[in-house]
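# Fold and contact review
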Amino acid sequence: MATTEKQKMASGVNGRCGGRLSLDNINPAVRRAEYAVRGELAVTAEVIRAELQDPEKRHKWPFDKIINCNIGNPQQLGQKPLSFLRQVSALVDCPELLDNKEAAALFPQDAMERAGELLASIGNVGAYSHSQGVPLIRKSVARFIHERDGHAASPETIFLTDGASTGVKNILQMLVTHPKVGFMIPIPQYPLYSATVTLIDGVAVPYYMDENSDWCLHVNDLQTQLDKARSEGTEVRALCVINPGNPTGNVLTHQNMKDILTLCARENLILLADEVYQTNVYYPSERPWYSFKRVLMDMGKEVEGVQLFSLHSISKGMVGECGRRGGYFEVTGVDPEVVKEFYKLASISLCPNVLGQVAVDVMVRPPKPGDTSYNTYMQEYQDVYDSLKRRSILIHEALNTMAGITCNRAQGAMYVFAKVDFPKSFLSHAESQCKSPDLIYALELLKATGVCVVPGSGFGQVQGTFHIRSTFLPPEDEFKAFVGRIETFHRDWWAKWSGK
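Residues numbered from 1 in each chain as written. Predicted model: local features only at pLDDT ≥ 70, side-chain atom pairs only at ≥ 80, totals over all residues. Heavy atoms only, no water.

Spanning 23 residues, helix H18 (residues 476–498) covers 32 Å between terminal C-alpha atoms, matching the ideal 33 Å at 1.5 Å per step. Buried residues of H18: Phe-479, Phe-482, Val-483, Gly-484, Ile-486, Phe-489, His-490, Trp-493, Trp-494 and Trp-497, and no others. (Helix = DSSP H or I, 4+ residues; strand = E, 2+ residues; numbered from the N terminus. Expected span 1.5 Å × (residues − 1). Buried < 20%, exposed > 50% of the residue type's maximum accessible area, 1.4 Å probe, protein only.)

Structural data, given as C-alpha coordinates:
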(Lines give C-alpha, C1' and ligand atoms only; values in the text may rest on other atoms or scores of the structure.)
Protein backbone atom coordinates (compact mmCIF):
# COMPACT_ATOMS: atom_id res chain seq x y z
CA MET A 1 0.00 0.00 0.00
CA ALA A 2 1.38 3.39 -0.95
CA THR A 3 2.54 5.63 1.85
CA THR A 4 0.50 8.82 2.03
CA GLU A 5 2.08 12.22 2.53
CA LYS A 6 0.32 12.48 5.91
CA GLN A 7 1.81 9.14 7.02
CA LYS A 8 5.26 10.23 5.88
CA MET A 9 4.96 13.42 7.92
CA ALA A 10 3.84 11.50 11.04
CA SER A 11 6.55 8.85 10.78
CA GLY A 12 9.39 11.25 10.13
CA VAL A 13 10.00 10.24 6.51
CA ASN A 14 11.76 12.86 4.36
CA GLY A 15 14.29 13.47 7.14
CA ARG A 16 11.92 15.16 9.51
CA CYS A 17 12.92 13.37 12.68
CA GLY A 18 9.80 12.38 14.65
CA GLY A 19 7.44 14.37 12.44
CA ARG A 20 4.76 16.80 13.58
CA LEU A 21 2.55 15.71 16.44
CA SER A 22 -0.80 14.26 15.49
CA LEU A 23 -3.21 11.77 17.03
CA ASP A 24 -1.48 9.13 14.93
CA ASN A 25 1.91 9.49 16.61
CA ILE A 26 1.28 10.32 20.27
CA ASN A 27 1.42 7.66 22.96
CA PRO A 28 -1.58 5.39 22.26
CA ALA A 29 -1.99 4.73 26.00
CA VAL A 30 -2.78 8.42 26.52
CA ARG A 31 -5.45 8.27 23.81
CA ARG A 32 -7.00 5.17 25.38
CA ALA A 33 -7.08 6.59 28.91
CA GLU A 34 -10.37 8.05 30.13
CA TYR A 35 -11.06 10.26 33.16
CA ALA A 36 -14.78 10.82 33.47
CA VAL A 37 -14.86 13.40 36.26
CA ARG A 38 -12.99 15.80 33.94
CA GLY A 39 -14.55 14.40 30.76
CA GLU A 40 -17.28 15.52 28.34
CA LEU A 41 -19.63 16.78 31.06
CA ALA A 42 -16.95 18.92 32.69
CA VAL A 43 -15.75 20.29 29.35
CA THR A 44 -19.31 21.20 28.35
CA ALA A 45 -19.85 22.83 31.75
CA GLU A 46 -16.82 25.06 31.20
CA VAL A 47 -18.10 26.14 27.78
CA ILE A 48 -21.44 27.07 29.34
CA ARG A 49 -19.70 28.84 32.22
CA ALA A 50 -17.83 31.03 29.73
CA GLU A 51 -21.09 31.86 27.93
CA LEU A 52 -22.75 32.78 31.22
CA GLN A 53 -20.02 35.38 31.68
CA ASP A 54 -20.59 36.78 28.19
CA PRO A 55 -23.38 39.45 28.15
CA GLU A 56 -24.27 38.51 24.58
CA LYS A 57 -24.62 34.78 25.26
CA ARG A 58 -25.83 34.39 28.86
CA HIS A 59 -29.48 34.65 27.75
CA LYS A 60 -29.15 31.21 26.12
CA TRP A 61 -29.27 29.47 29.50
CA PRO A 62 -32.14 29.25 32.03
CA PHE A 63 -29.77 29.51 35.00
CA ASP A 64 -27.08 31.91 36.18
CA LYS A 65 -24.25 29.60 37.27
CA ILE A 66 -22.76 26.12 36.95
CA ILE A 67 -22.88 23.91 40.03
CA ASN A 68 -19.92 21.51 39.78
CA CYS A 69 -20.98 18.28 41.47
CA ASN A 70 -18.78 16.24 39.16
CA ILE A 71 -15.70 16.28 41.39
CA GLY A 72 -14.93 16.28 45.11
CA ASN A 73 -13.59 19.84 45.21
CA PRO A 74 -15.03 21.21 48.50
CA GLN A 75 -13.71 24.76 48.48
CA GLN A 76 -14.82 25.35 44.89
CA LEU A 77 -18.35 25.04 46.25
CA GLY A 78 -17.83 27.19 49.31
CA GLN A 79 -16.43 24.94 52.05
CA LYS A 80 -14.59 27.28 54.41
CA PRO A 81 -10.89 26.59 54.91
CA LEU A 82 -9.71 25.84 58.44
CA SER A 83 -8.26 29.04 59.90
CA PHE A 84 -5.29 27.42 61.63
CA LEU A 85 -4.08 25.78 58.43
CA ARG A 86 -4.30 29.02 56.47
CA GLN A 87 -2.61 30.99 59.27
CA VAL A 88 0.33 28.59 59.42
CA SER A 89 0.57 28.60 55.62
CA ALA A 90 0.60 32.40 55.51
CA LEU A 91 3.33 32.58 58.11
CA VAL A 92 5.65 30.05 56.48
CA ASP A 93 5.12 31.78 53.14
CA CYS A 94 5.91 35.19 54.64
CA PRO A 95 8.32 34.42 57.53
CA GLU A 96 9.08 38.08 58.26
CA LEU A 97 5.65 38.20 59.91
CA LEU A 98 7.02 36.07 62.75
CA ASP A 99 9.08 39.05 63.90
CA ASN A 100 6.38 41.65 63.26
CA LYS A 101 4.69 43.00 66.39
CA GLU A 102 1.53 43.93 64.49
CA ALA A 103 1.32 40.42 63.03
CA ALA A 104 1.56 38.99 66.53
CA ALA A 105 -1.74 40.68 67.28
CA LEU A 106 -3.35 39.09 64.19
CA PHE A 107 -2.07 35.52 64.38
CA PRO A 108 -2.63 33.14 67.32
CA GLN A 109 0.45 32.17 69.28
CA ASP A 110 0.29 28.47 68.42
CA ALA A 111 0.11 29.22 64.68
CA MET A 112 3.25 31.36 64.98
CA GLU A 113 5.00 28.65 66.98
CA ARG A 114 4.07 25.97 64.44
CA ALA A 115 5.25 28.11 61.55
CA GLY A 116 8.53 28.80 63.33
CA GLU A 117 9.04 25.09 64.01
CA LEU A 118 8.33 24.17 60.40
CA LEU A 119 10.60 26.88 59.01
CA ALA A 120 13.42 25.72 61.26
CA SER A 121 13.14 22.33 59.57
CA ILE A 122 12.27 23.42 56.02
CA GLY A 123 14.42 26.50 55.72
CA ASN A 124 12.54 28.25 52.92
CA VAL A 125 9.30 27.01 51.36
CA GLY A 126 10.53 28.25 47.99
CA ALA A 127 13.37 25.71 48.02
CA TYR A 128 13.25 22.02 47.17
CA SER A 129 12.76 19.80 50.19
CA HIS A 130 13.96 16.26 50.80
CA SER A 131 12.58 14.16 47.91
CA GLN A 132 10.67 11.92 50.31
CA GLY A 133 9.27 14.94 52.12
CA VAL A 134 10.39 17.19 54.98
CA PRO A 135 11.69 14.87 57.75
CA LEU A 136 9.84 16.77 60.52
CA ILE A 137 6.55 16.40 58.65
CA ARG A 138 7.13 12.71 58.00
CA LYS A 139 7.69 12.32 61.74
CA SER A 140 4.35 14.07 62.32
CA VAL A 141 2.65 11.63 59.95
CA ALA A 142 4.28 8.64 61.66
CA ARG A 143 3.09 9.87 65.06
CA PHE A 144 -0.43 10.41 63.68
CA ILE A 145 -0.57 6.85 62.32
CA HIS A 146 0.71 5.45 65.62
CA GLU A 147 -1.88 7.35 67.62
CA ARG A 148 -4.68 6.42 65.18
CA ASP A 149 -3.90 2.71 64.93
CA GLY A 150 -2.00 1.81 68.07
CA HIS A 151 0.86 0.44 65.98
CA ALA A 152 4.21 2.08 65.29
CA ALA A 153 5.04 3.79 62.01
CA SER A 154 8.41 4.88 60.67
CA PRO A 155 9.15 8.19 58.91
CA GLU A 156 11.46 6.19 56.64
CA THR A 157 8.56 4.31 55.08
CA ILE A 158 6.37 7.39 54.59
CA PHE A 159 6.43 9.34 51.33
CA LEU A 160 4.86 12.78 51.11
CA THR A 161 3.21 13.40 47.75
CA ASP A 162 1.38 15.98 45.64
CA GLY A 163 -2.00 14.62 46.72
CA ALA A 164 -2.82 10.93 46.94
CA SER A 165 -3.12 10.71 43.13
CA THR A 166 0.65 11.01 42.70
CA GLY A 167 1.14 8.24 45.23
CA VAL A 168 -1.27 5.96 43.34
CA LYS A 169 0.56 6.59 40.07
CA ASN A 170 4.00 5.95 41.58
CA ILE A 171 2.92 2.74 43.29
CA LEU A 172 1.20 1.27 40.23
CA GLN A 173 4.08 2.32 38.00
CA MET A 174 6.51 0.48 40.24
CA LEU A 175 4.53 -2.75 40.05
CA VAL A 176 4.33 -3.09 36.25
CA THR A 177 7.04 -5.34 34.83
CA HIS A 178 5.29 -6.40 31.61
CA PRO A 179 1.98 -5.69 29.78
CA LYS A 180 0.14 -8.61 31.40
CA VAL A 181 0.46 -7.32 34.98
CA GLY A 182 -3.03 -6.90 36.41
CA PHE A 183 -4.58 -4.72 39.11
CA MET A 184 -7.89 -5.54 40.72
CA ILE A 185 -10.02 -2.40 40.84
CA PRO A 186 -13.55 -1.97 42.21
CA ILE A 187 -16.54 -1.41 39.96
CA PRO A 188 -17.76 1.26 40.28
CA GLN A 189 -14.34 2.86 40.76
CA TYR A 190 -12.67 6.23 40.83
CA PRO A 191 -11.31 6.57 37.24
CA LEU A 192 -7.85 7.53 38.47
CA TYR A 193 -7.22 3.80 38.77
CA SER A 194 -8.40 2.64 35.35
CA ALA A 195 -6.75 5.64 33.65
CA THR A 196 -3.41 5.04 35.40
CA VAL A 197 -3.46 1.32 34.63
CA THR A 198 -4.05 2.20 30.97
CA LEU A 199 -1.20 4.74 30.95
CA ILE A 200 1.30 2.28 32.40
CA ASP A 201 0.18 -0.47 30.00
CA GLY A 202 -1.21 -2.73 32.69
CA VAL A 203 -4.43 -4.75 32.86
CA ALA A 204 -7.47 -3.64 34.86
CA VAL A 205 -9.17 -6.60 36.53
CA PRO A 206 -12.63 -5.51 37.72
CA TYR A 207 -14.45 -6.76 40.78
CA TYR A 208 -17.99 -5.67 41.57
CA MET A 209 -19.38 -3.95 44.64
CA ASP A 210 -22.88 -5.14 45.65
CA GLU A 211 -25.32 -2.24 45.34
CA ASN A 212 -28.10 -4.25 46.99
CA SER A 213 -25.99 -4.66 50.14
CA ASP A 214 -24.89 -1.04 50.64
CA TRP A 215 -22.05 -1.51 48.15
CA CYS A 216 -20.51 -4.36 50.12
CA LEU A 217 -17.40 -6.06 48.77
CA HIS A 218 -17.85 -9.84 48.47
CA VAL A 219 -14.59 -11.73 48.78
CA ASN A 220 -16.03 -14.69 46.86
CA ASP A 221 -16.48 -12.40 43.86
CA LEU A 222 -12.92 -11.16 44.31
CA GLN A 223 -11.69 -14.75 44.21
CA THR A 224 -13.76 -15.52 41.10
CA GLN A 225 -12.45 -12.48 39.22
CA LEU A 226 -8.89 -13.22 40.33
CA ASP A 227 -9.04 -16.84 39.17
CA LYS A 228 -10.58 -15.81 35.85
CA ALA A 229 -7.89 -13.20 35.15
CA ARG A 230 -5.09 -15.60 36.02
CA SER A 231 -6.58 -18.31 33.82
CA GLU A 232 -6.48 -15.82 30.94
CA GLY A 233 -2.77 -15.20 31.44
CA THR A 234 -2.84 -12.03 33.55
CA GLU A 235 -0.32 -11.80 36.40
CA VAL A 236 -2.53 -10.17 39.03
CA ARG A 237 -0.21 -8.42 41.47
CA ALA A 238 -2.32 -5.97 43.47
CA LEU A 239 -5.77 -5.30 44.84
CA CYS A 240 -7.00 -1.69 45.05
CA VAL A 241 -9.60 -0.83 47.70
CA ILE A 242 -11.17 2.60 48.26
CA ASN A 243 -12.49 2.97 51.82
CA PRO A 244 -14.65 4.98 52.37
CA GLY A 245 -15.79 4.43 48.82
CA ASN A 246 -15.69 6.69 45.81
CA PRO A 247 -18.13 6.90 44.06
CA THR A 248 -20.26 4.66 46.28
CA GLY A 249 -19.97 6.34 49.71
CA ASN A 250 -19.76 2.99 51.51
CA VAL A 251 -17.63 2.12 54.56
CA LEU A 252 -16.26 -1.42 54.80
CA THR A 253 -17.04 -3.52 57.83
CA HIS A 254 -14.21 -4.76 60.04
CA GLN A 255 -14.95 -8.36 59.04
CA ASN A 256 -14.93 -7.44 55.37
CA MET A 257 -11.47 -5.93 55.80
CA LYS A 258 -10.19 -9.05 57.58
CA ASP A 259 -11.51 -11.19 54.74
CA ILE A 260 -9.76 -8.98 52.19
CA LEU A 261 -6.45 -9.23 54.03
CA THR A 262 -6.83 -13.00 54.35
CA LEU A 263 -7.33 -13.20 50.58
CA CYS A 264 -4.26 -11.04 49.99
CA ALA A 265 -2.16 -13.30 52.24
CA ARG A 266 -3.44 -16.49 50.59
CA GLU A 267 -3.11 -15.23 47.00
CA ASN A 268 0.06 -13.17 47.45
CA LEU A 269 -1.61 -9.90 46.46
CA ILE A 270 -0.24 -6.46 47.30
CA LEU A 271 -2.95 -4.30 48.87
CA LEU A 272 -3.37 -0.66 47.86
CA ALA A 273 -5.64 1.09 50.40
CA ASP A 274 -7.02 4.45 49.29
CA GLU A 275 -8.14 6.00 52.60
CA VAL A 276 -8.44 9.67 51.68
CA TYR A 277 -12.02 9.92 53.03
CA GLN A 278 -11.19 8.47 56.44
CA THR A 279 -12.63 11.43 58.33
CA ASN A 280 -15.76 11.58 56.13
CA VAL A 281 -17.56 8.87 58.13
CA TYR A 282 -21.11 9.87 59.05
CA TYR A 283 -22.34 6.94 61.18
CA PRO A 284 -19.27 5.93 63.20
CA SER A 285 -21.17 4.09 65.94
CA GLU A 286 -23.04 2.03 63.35
CA ARG A 287 -20.28 1.64 60.75
CA PRO A 288 -16.91 2.65 62.24
CA TRP A 289 -13.92 3.20 59.99
CA TYR A 290 -10.67 1.27 60.48
CA SER A 291 -7.42 1.66 58.61
CA PHE A 292 -6.13 -1.39 56.78
CA LYS A 293 -2.81 -0.86 58.58
CA ARG A 294 -4.52 -1.33 61.94
CA VAL A 295 -6.47 -4.42 60.86
CA LEU A 296 -3.36 -5.91 59.27
CA MET A 297 -1.26 -5.42 62.41
CA ASP A 298 -4.05 -6.62 64.71
CA MET A 299 -4.38 -9.87 62.73
CA GLY A 300 -0.68 -10.62 63.20
CA LYS A 301 0.71 -13.95 61.96
CA GLU A 302 -2.59 -14.83 60.29
CA VAL A 303 -1.76 -12.41 57.47
CA GLU A 304 2.00 -12.24 57.88
CA GLY A 305 3.80 -11.15 54.74
CA VAL A 306 1.04 -8.98 53.27
CA GLN A 307 2.49 -5.90 51.61
CA LEU A 308 0.38 -2.78 52.09
CA PHE A 309 0.39 0.73 50.66
CA SER A 310 -1.90 3.19 52.52
CA LEU A 311 -2.77 6.62 51.12
CA HIS A 312 -4.19 9.80 52.65
CA SER A 313 -4.71 13.36 51.38
CA ILE A 314 -5.43 16.95 52.43
CA SER A 315 -7.97 17.25 49.59
CA LYS A 316 -10.88 15.58 51.35
CA GLY A 317 -12.34 15.44 54.83
CA MET A 318 -12.87 18.70 56.66
CA VAL A 319 -9.54 20.04 55.38
CA GLY A 320 -10.62 20.09 51.73
CA GLU A 321 -7.46 21.76 50.41
CA CYS A 322 -7.53 20.20 46.92
CA GLY A 323 -5.54 22.92 45.21
CA ARG A 324 -2.62 22.74 47.63
CA ARG A 325 -1.84 19.18 46.48
CA GLY A 326 -0.67 17.42 49.60
CA GLY A 327 -0.82 13.83 50.75
CA TYR A 328 1.23 10.80 51.70
CA PHE A 329 1.52 7.07 51.39
CA GLU A 330 2.92 4.61 53.92
CA VAL A 331 4.71 1.41 52.92
CA THR A 332 4.19 -1.64 55.15
CA GLY A 333 5.87 -5.04 54.82
CA VAL A 334 7.95 -4.13 51.76
CA ASP A 335 11.63 -5.01 51.26
CA PRO A 336 13.85 -2.02 52.26
CA GLU A 337 15.66 -2.32 48.94
CA VAL A 338 12.36 -1.75 47.15
CA VAL A 339 11.65 1.25 49.40
CA LYS A 340 14.92 2.72 48.13
CA GLU A 341 13.59 2.40 44.59
CA PHE A 342 10.50 4.36 45.62
CA TYR A 343 12.84 7.05 46.90
CA LYS A 344 14.62 7.09 43.55
CA LEU A 345 11.28 7.44 41.77
CA ALA A 346 10.33 10.31 44.09
CA SER A 347 13.68 12.02 43.52
CA ILE A 348 13.09 12.13 39.76
CA SER A 349 10.36 14.69 40.51
CA LEU A 350 12.75 16.41 42.98
CA CYS A 351 10.24 16.92 45.82
CA PRO A 352 6.57 17.21 46.69
CA ASN A 353 4.96 20.65 46.79
CA VAL A 354 6.29 22.18 50.02
CA LEU A 355 3.17 24.16 50.94
CA GLY A 356 1.19 20.97 50.43
CA GLN A 357 3.54 19.28 52.89
CA VAL A 358 2.87 22.07 55.39
CA ALA A 359 -0.86 21.39 55.06
CA VAL A 360 -0.24 17.68 55.68
CA ASP A 361 1.50 18.60 58.92
CA VAL A 362 -1.53 20.61 60.07
CA MET A 363 -3.91 17.81 59.04
CA VAL A 364 -2.10 15.16 61.05
CA ARG A 365 -1.07 17.50 63.89
CA PRO A 366 -4.00 19.85 64.57
CA PRO A 367 -4.16 22.12 67.64
CA LYS A 368 -4.50 20.10 70.85
CA PRO A 369 -6.48 20.91 74.02
CA GLY A 370 -4.99 23.94 75.73
CA ASP A 371 -3.59 25.46 72.52
CA THR A 372 -4.74 28.96 71.58
CA SER A 373 -6.44 27.78 68.39
CA TYR A 374 -7.95 24.55 69.72
CA ASN A 375 -11.51 25.74 70.33
CA THR A 376 -11.73 27.61 67.04
CA TYR A 377 -10.28 24.71 65.10
CA MET A 378 -12.63 22.16 66.64
CA GLN A 379 -15.66 24.38 66.08
CA GLU A 380 -14.79 24.97 62.42
CA TYR A 381 -14.05 21.28 61.91
CA GLN A 382 -17.30 20.15 63.54
CA ASP A 383 -19.36 22.70 61.62
CA VAL A 384 -18.07 21.35 58.29
CA TYR A 385 -18.62 17.74 59.37
CA ASP A 386 -22.17 18.33 60.63
CA SER A 387 -23.11 20.23 57.49
CA LEU A 388 -21.74 17.50 55.21
CA LYS A 389 -23.76 14.88 57.06
CA ARG A 390 -26.95 16.94 56.82
CA ARG A 391 -26.43 17.50 53.10
CA SER A 392 -25.77 13.79 52.53
CA ILE A 393 -29.14 13.02 54.12
CA LEU A 394 -30.95 15.70 52.11
CA ILE A 395 -29.73 14.50 48.74
CA HIS A 396 -30.30 10.84 49.63
CA GLU A 397 -33.88 11.51 50.65
CA ALA A 398 -34.59 13.72 47.63
CA LEU A 399 -33.22 11.28 45.06
CA ASN A 400 -35.22 8.42 46.52
CA THR A 401 -38.47 10.35 45.97
CA MET A 402 -37.82 10.76 42.24
CA ALA A 403 -39.43 8.38 39.76
CA GLY A 404 -37.12 5.58 38.67
CA ILE A 405 -34.26 6.54 41.00
CA THR A 406 -32.92 4.56 43.97
CA CYS A 407 -29.94 5.61 46.04
CA ASN A 408 -28.06 4.08 48.96
CA ARG A 409 -27.29 6.29 51.93
CA ALA A 410 -23.80 7.76 51.99
CA GLN A 411 -22.06 6.15 54.95
CA GLY A 412 -18.93 8.13 54.16
CA ALA A 413 -17.00 10.17 51.56
CA MET A 414 -18.85 13.01 49.78
CA TYR A 415 -20.82 11.33 47.01
CA VAL A 416 -24.03 9.48 46.21
CA PHE A 417 -24.16 6.99 43.35
CA ALA A 418 -27.80 6.85 42.35
CA LYS A 419 -29.29 4.16 40.14
CA VAL A 420 -31.65 5.34 37.39
CA ASP A 421 -34.04 2.84 35.77
CA PHE A 422 -34.57 4.65 32.48
CA PRO A 423 -37.81 4.20 30.49
CA LYS A 424 -37.49 1.80 27.54
CA SER A 425 -38.25 4.60 25.09
CA PHE A 426 -35.24 6.56 26.35
CA LEU A 427 -32.98 3.50 26.19
CA SER A 428 -33.97 3.06 22.53
CA HIS A 429 -33.28 6.76 21.91
CA ALA A 430 -29.83 6.46 23.51
CA GLU A 431 -29.04 3.39 21.43
CA SER A 432 -29.94 5.29 18.26
CA GLN A 433 -27.52 8.05 19.34
CA CYS A 434 -24.75 5.50 20.07
CA LYS A 435 -24.29 7.03 23.53
CA SER A 436 -24.68 5.70 27.04
CA PRO A 437 -28.12 6.64 28.44
CA ASP A 438 -26.67 8.04 31.65
CA LEU A 439 -24.33 10.31 29.68
CA ILE A 440 -27.24 11.74 27.66
CA TYR A 441 -29.28 12.19 30.84
CA ALA A 442 -26.42 13.99 32.60
CA LEU A 443 -25.85 16.29 29.61
CA GLU A 444 -29.54 17.19 29.48
CA LEU A 445 -29.54 17.83 33.24
CA LEU A 446 -26.52 20.13 32.83
CA LYS A 447 -28.03 22.12 29.97
CA ALA A 448 -31.38 22.51 31.74
CA THR A 449 -30.19 23.29 35.28
CA GLY A 450 -26.46 24.06 35.33
CA VAL A 451 -25.89 21.05 37.61
CA CYS A 452 -22.86 19.04 36.50
CA VAL A 453 -22.83 15.39 37.64
CA VAL A 454 -20.98 12.36 36.24
CA PRO A 455 -22.63 9.44 34.46
CA GLY A 456 -22.12 6.05 36.07
CA SER A 457 -20.61 4.76 32.84
CA GLY A 458 -17.52 6.82 33.71
CA PHE A 459 -16.96 4.72 36.83
CA GLY A 460 -18.04 1.32 35.57
CA GLN A 461 -21.29 -0.37 36.52
CA VAL A 462 -23.02 -3.71 36.28
CA GLN A 463 -24.08 -4.26 32.68
CA GLY A 464 -27.64 -3.12 32.08
CA THR A 465 -27.67 -0.69 35.02
CA PHE A 466 -27.22 3.08 34.84
CA HIS A 467 -26.23 5.62 37.47
CA ILE A 468 -25.25 9.20 38.14
CA ARG A 469 -22.70 10.30 40.71
CA SER A 470 -23.13 13.60 42.48
CA THR A 471 -21.26 15.22 45.30
CA PHE A 472 -23.25 16.77 48.11
CA LEU A 473 -20.90 19.75 48.36
CA PRO A 474 -23.05 22.74 47.27
CA PRO A 475 -23.39 25.25 50.15
CA GLU A 476 -26.01 24.30 52.71
CA ASP A 477 -27.88 27.60 52.37
CA GLU A 478 -28.27 26.86 48.63
CA PHE A 479 -28.77 23.14 48.94
CA LYS A 480 -32.55 22.99 48.79
CA ALA A 481 -32.54 25.15 45.67
CA PHE A 482 -29.85 22.90 44.15
CA VAL A 483 -31.88 19.76 44.89
CA GLY A 484 -34.99 21.55 43.63
CA ARG A 485 -33.35 22.11 40.24
CA ILE A 486 -32.75 18.38 39.90
CA GLU A 487 -36.26 17.49 41.09
CA THR A 488 -37.95 19.87 38.63
CA PHE A 489 -35.82 18.69 35.73
CA HIS A 490 -36.33 15.01 36.51
CA ARG A 491 -40.09 15.34 36.95
CA ASP A 492 -40.49 16.97 33.54
CA TRP A 493 -37.94 14.69 31.91
CA TRP A 494 -39.60 11.56 33.31
CA ALA A 495 -43.03 12.69 32.16
CA LYS A 496 -41.66 13.22 28.65
CA TRP A 497 -40.04 9.81 28.31
CA SER A 498 -42.26 7.54 30.41
CA GLY A 499 -45.28 8.43 28.32
CA LYS A 500 -43.70 7.32 25.05
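Let us look at unusual backbone geometry. Here the bond from Asn-243 into Pro-244 is cis, since omega is -5 degrees, no more than 30 degrees from zero. In this structure, Pro-244 sits in the loop between strand E6 (235–242) and helix H11 (254–267). A cis amide bond links Asn-246 with the next residue in sequence, Pro-247, at an omega value of 20 degrees. Its location among the elements puts Pro-247 in the loop between E6 and H11.

Okay, the confidence of the model for the protein chain next. For the protein chain, per-residue confidence averages 90 on the pLDDT scale, and residues scoring 70 or more make up 95% of the total. Contacts from residues 8–13, a stretch scored under 50 in pLDDT, to residues over four places away or in other chains number 13 contacts. (pLDDT = per-residue confidence, 0-100. Contact = heavy atoms within 4.5 Å.)

Moving on, we get to the sheet that holds strand E10 (residues 405–406). Taken together, the four strands give an open sheet; going across it, the order is E10-E11-E14-E13, and neighbouring strands pair in antiparallel fashion. Across the chains shown, the open sheet's two edge strands, defined by having one partner strand only, are E10 and strand E13 (454–455). Helix H15 (residues 374–399) contacts E10, strand E11 (415–420) and strand E14 (467–471) of the sheet and is inclined by roughly 5 degrees relative to E11. (Pairing = 2+ DSSP bridges. Axes fitted to C-alpha atoms, helices over the stretch in contact; angles between N-to-C directions.)

The side chains of a regular strand alternate between both faces of the sheet. Judged by how many residues are buried, strand E7 (residues 270–274) sits mostly within the fold: five of five residues are covered. Relative to E7, E6 runs parallel, the two being bridged by five bridges. Within E7, the residue paired with Ile-242 across the bridge is Asp-274. Read from E6 through H11 to E7, the crossover connection turns out right-handed. Of the strand pairs in this sheet, E7 and strand E8 (residues 308–313) are connected by four bridges, and their pairing is parallel. By the bridge assignment, Leu-272 is partnered in E8 with Phe-309. The handedness of the E7 to E8 crossover, carried by helix H12 (residues 292–299), is right-handed. (Right-handed = clockwise from strand over helix to strand, strands pointing away.)

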